[in-house]
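Structural description and commentary
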Amino acid sequence: MSKAKRMDRREFLRVMGLGLTAAVAAACQPTTQMMRGNRSTPVQGTRVVTRPPTRAAVSPTPVMTGTPTFVPDVEIALRAVEGEASILPDTVTRVWRFEAEVLSGPQDAVQPLPDTYLGPILHLRRGQRVRIRFTNDIPEETIVHWHGLHVPAAMDGHPRYVIRRGETYLYEFEVRNRAGTYWYHPHPHGRTGPQVYMGLAGLLFVTDDEEEALNLPEGEFDIPLVLQDRTFDSRGQFLYLPNGPMDRMMGFLGDTILVNGKPDYTLNVATRPYRFRILNGSNSRIYKLAWSDNTPLTVIGVDGGLLETPLQKPYVVLGPGERVDLWVDFSRYTVGTRLTLQSLPFVAPSGPMGGGMMGGGMMGGGMRGNTSSVSLPQGAPFPVLTVHVTQESRDTLSLPERLATVEPLPFGEAVNASTPRRIALTMTPMVGWTLNNRTFEMTAVAEDEVVRLNTIEVWEFSNVGGGMGMGMGMLPHPMHVHGEPFQVLRREVDPAFRAMWESVKDGYIDVGWKDTVVVMPGERVQILRRFADYTGLFLYHCHNLEHEDMGMMRNYEIRL
Ligand code: C2O
Ligand code: CU
Ligand code: CU
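These figures come from a predicted structure and were not determined experimentally. (Residues numbered from 1 in each chain as written. Chains lettered and ligands numbered in written order. Predicted model: local features only at pLDDT ≥ 70, side-chain atom pairs only at ≥ 80, totals over all residues. Heavy atoms only, no water.)

What follows is about the overall build of the protein chain. Looking only at helices and strands, the protein chain has six helices and 30 strands in total. Burial statistics for the protein chain: of 560 residues in total, 62% are counted as buried. Counting contacts in the protein chain only where the partners sit at least 6 residues apart, residues at least 24 apart contribute 79% of the total. (Helix = DSSP H or I, 4+ residues; strand = E, 2+ residues; numbered from the N terminus. Buried < 20%, exposed > 50% of the residue type's maximum accessible area, 1.4 Å probe, protein only. Contact = heavy atoms within 4.5 Å.)

Here the focus is the coordination of the copper ion (ligand 2). Protein coordination of the copper ion (ligand 2) is provided by H145 (NE2) and H480 (NE2), with donor distances spanning 1.9 Å. Placement of the pair is H145 in strand β6 (residues 144-147) and H480 in strand β25 (residues 477-481), with a sequence separation of 335 residues. Judged by its relative accessible area of 1%, H145 is buried. (Donors = N, O, S within 2.8 Å, 3.2 Å for Na, K, Ca; no water.)

On to the confidence of the model for the protein chain, then. For the protein chain, per-residue confidence averages 87 on the pLDDT scale, and 83% of positions sit at 70 or higher. A low-confidence stretch, residues 1-63 (pLDDT under 50), is modelled with 98 contacts involving residues beyond four sequence positions or located in other chains. Here residues 354-371 is a poorly scored stretch, pLDDT under 50, and it has 42 contacts once near neighbours within four places are set aside; other chains count. (pLDDT = per-residue confidence, 0-100.)

Moving on, we get to the packing of aromatic side chains. This structure, assessed with the given rule, holds 27 aromatic pairs. Judged by centre distance (5.4 Å) and plane angle (75 degrees), the ring pair of W459 and Y540 falls under edge-to-face. With W459 in strand β24 (residues 455-462) and Y540 in strand β29 (residues 536-542), this residue pair connects regions lying 81 residues apart in the sequence. Comparing W459 with Y540, the two get one shared label, buried. Three or more aromatic residues joined by ring pairs form one cluster here, namely F98, F134, W146, Y161, Y169, Y171, F173 and Y184. R277 extends its terminal NZ or CZ atom over the ring of F205, reaching a point 3.7 Å from the ring centre. For R491, the ring lying beneath its charged end belongs to Y508, and the centroid distance is 3.4 Å. (Phe/Tyr/Trp six-rings, centres within 6.5 Å; stacked < 30°, edge-to-face > 60°. Lys NZ or Arg CZ within 6 Å of the ring centre and 35° of its normal.)

Another aspect to go through is the coordination of the copper ion (ligand 3). Within the protein, H477 (ND1), C542 (SG) and H547 (ND1) serve as the donor atoms for the copper ion (ligand 3), at 2.0 to 2.1 Å. Residue classification places H547 among the buried positions, given a relative accessible area of 0%.

Among the structural elements, K262 can be located in the loop between β11 (256-259) and β12 (266-270). Within the local environment of K262, its side chain forms a polar contact with the backbone oxygen of S86, the two atoms lying 2.7 Å apart. What K262 contacts, discounting residues up to four positions off in sequence, is S86, D115 and I257. (Polar contact = N/O pair within 3.5 Å; in protein donor to acceptor, adjacent residues only side chain to side chain.)

It is worth spelling out the sheet that holds strand β19 (residues 338-343) at this point. Taken together, the five strands give an open sheet; going across it, the order is β12-β20-β19-β14-β17, and neighbouring strands pair in mixed fashion. At either end of the open sheet lies a strand with only one pairing partner, and these are β12 and β17 (316-318). Sheet twist, expressed as the average angle between the axes of neighbouring strands with direction ignored, equals 30 degrees. Two strands pair when backbone bridges link them, and β19 and strand β20 (residues 382-391) are joined in this way by six bridges, in the antiparallel orientation. Directly across from R338, in β20, lies its bridge partner H388. (Pairing = 2+ DSSP bridges. Axes fitted to C-alpha atoms, helices over the stretch in contact; angles between N-to-C directions.)

We now examine unusual backbone geometry. Despite not being glycine, N436 shows a phi value in the positive range, around 50 degrees. In this fold, N436 is placed in the loop between β22 (432-435) and β23 (450-452). For N454, which is not a glycine, the phi torsion comes out positive at approximately 65 degrees. Overall, N454 belongs to the exposed group, its relative accessible area being 58%.

Rendered as structure tokens:
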């Protein structure tokens with residue numbers, strides 16, 4: 001172990017005492033493969049059809065049959081493959097990527113993106129019956145999850161359904177979600193972070209009649225923007241957790257910001273309105289997005305689709321997994337103008353062991369430097385992308401005053417309105433990040449993780465220290481719940497964390513339908529959710545992918 005690392009370890013001991021040190025040490029072990037679902041006896045209700053690993057599995061001619069009664073409106077072949085991408089100048093970077101083709105149904109259901117490792121955009125419609133044949137052709141187990149979609153448990157990409165290279169998983173589901181910006185990514189236990197990092201991620205747009213009636217910017221004026229950060233080695237290859245396990249406690253933070261898989265992203269626009277669909281596809285980085293000329297952001301949608309009415313924000317805070325849809329009107333700019341969408345500084349802890357926020361916190365960028373050599377720490381400012389106004393346009397569209405109907409879930413009908421299901425975001429000695437001090441177990445569900453079908457519940461994510469002591473071992477956690485989207489009821493912050501909270505609070509969007517919510521240190525966030533349609537095992541977890549892989553994920557079960 002290097003001298004620097006030894007210093008780190010001593011620092012841990014001093015700051016944290018033995019408990020957390022042990023937790024860090026445990027997390028320092030290489031990821032162990034957890035128990036797996038047994039493929040030879042598929043869990044009841046699944047429609048898994050696997051094939052021997054042969055190249056013939058690539059054949060576009062469907063050989064597998066799905067459920068005879070399921071007649072798909074669209075059928076897509078999706079593959080995870082090894083490949084290359086040009087990201088840095090004069091360099092070829094090895095990546096993993098999704099590829100897709102339409103086997104039957106509307107050809108525009110798959111929109112390949114040129115010149116990026118990102119997967120094609122899947123275009124689905126509410127009410128559509130979708131069949132996806134997913135083939136794994138990367139050298140490890142994987143499975144695909146449709147982030148934000150409300151689908152049956154066996155179609156949700158739970159890690160117990162991982163398939164090996166050469167195998168195919170058959171998904172069949174009906175699109176029940178509202179129009180909105182969703183995405184898909186791998187979900188194998190312990191390997192989601194590295195697989196997304198290697199490039200496995202893609203957007204999934206859902207449309208519906210309500211959205212189509214609005215006349216929002218479409219086609220080339222509807223811009224997908226996937227924000228990710230990476231670190232490259234000297235040969236231009238992706239470097240994951242270069243400082244080893246210590247960074248895993250924090251979550252991966254890269255030094256290069258990529259938009260749609262490219263650094264120094266510039267978007268040429270015309271003087272007219274655009275729709276920007278922004279996904280934070282980063283492993284652990286949180287963005288605080290703002291325009292360089294201080295124009296407020298006009299938010300029209302979040303994770304689960306359009307808001308009721310547009311919302312003006314000085315900046316928007318976007319945690320890993322979250323999406324925001326913006327209306328951006330460039331008509332008041334003159335040709336030649338350059339604008340930057342930037343990430344503003346915010347107060348963030350420097351690490352689970354840094355104790356950086358004690359006494360009101362410290363500004364991002366002001367790392368104490370004792371725990372990590374990350375050059376762009378959480379909370380540090382940086383430019384995200386440049387917009388270059390290059391063209392005159394006479395196209396006028398006006399921002400609708402009313403976008404969609406967002407019916408509030410009836411709080412009064414919640415079965416636990418006075419006793420919310422409490423999920424403490426915890427750090428457990430010898431284990432690492434946990435939920436209620438429990439780590440992920442492939443098929444286990446605790447008594448207090450069972451939800452009744454067709455009920456509404458209040459859940460409270462509580463990031464108040466988890467027993468390790470005030471200010472100790474606390475980080476922001478973007479909490480995600482699989483299944484139907486939820487509504488944010490309320491947030492509370494411990495006054496000791498005021499400074500950190502003040503630096504992000506105006507960027508929260510707590511209206512509309514969400515599936516991921518940032519819970520900052522000192523915060524307690526209550527959400528309201530309905531559990532309808534499907535029974536079975538679903539996941540809730542931190543969408544900081546290193547935390548998720550470490551076990552900050554649990555099943556909940558919807559029972560009849
Ligand atoms: Cu986007 Cu369970 O994940
Ligand atoms: Cu999800
Ligand atoms: Cu987390």
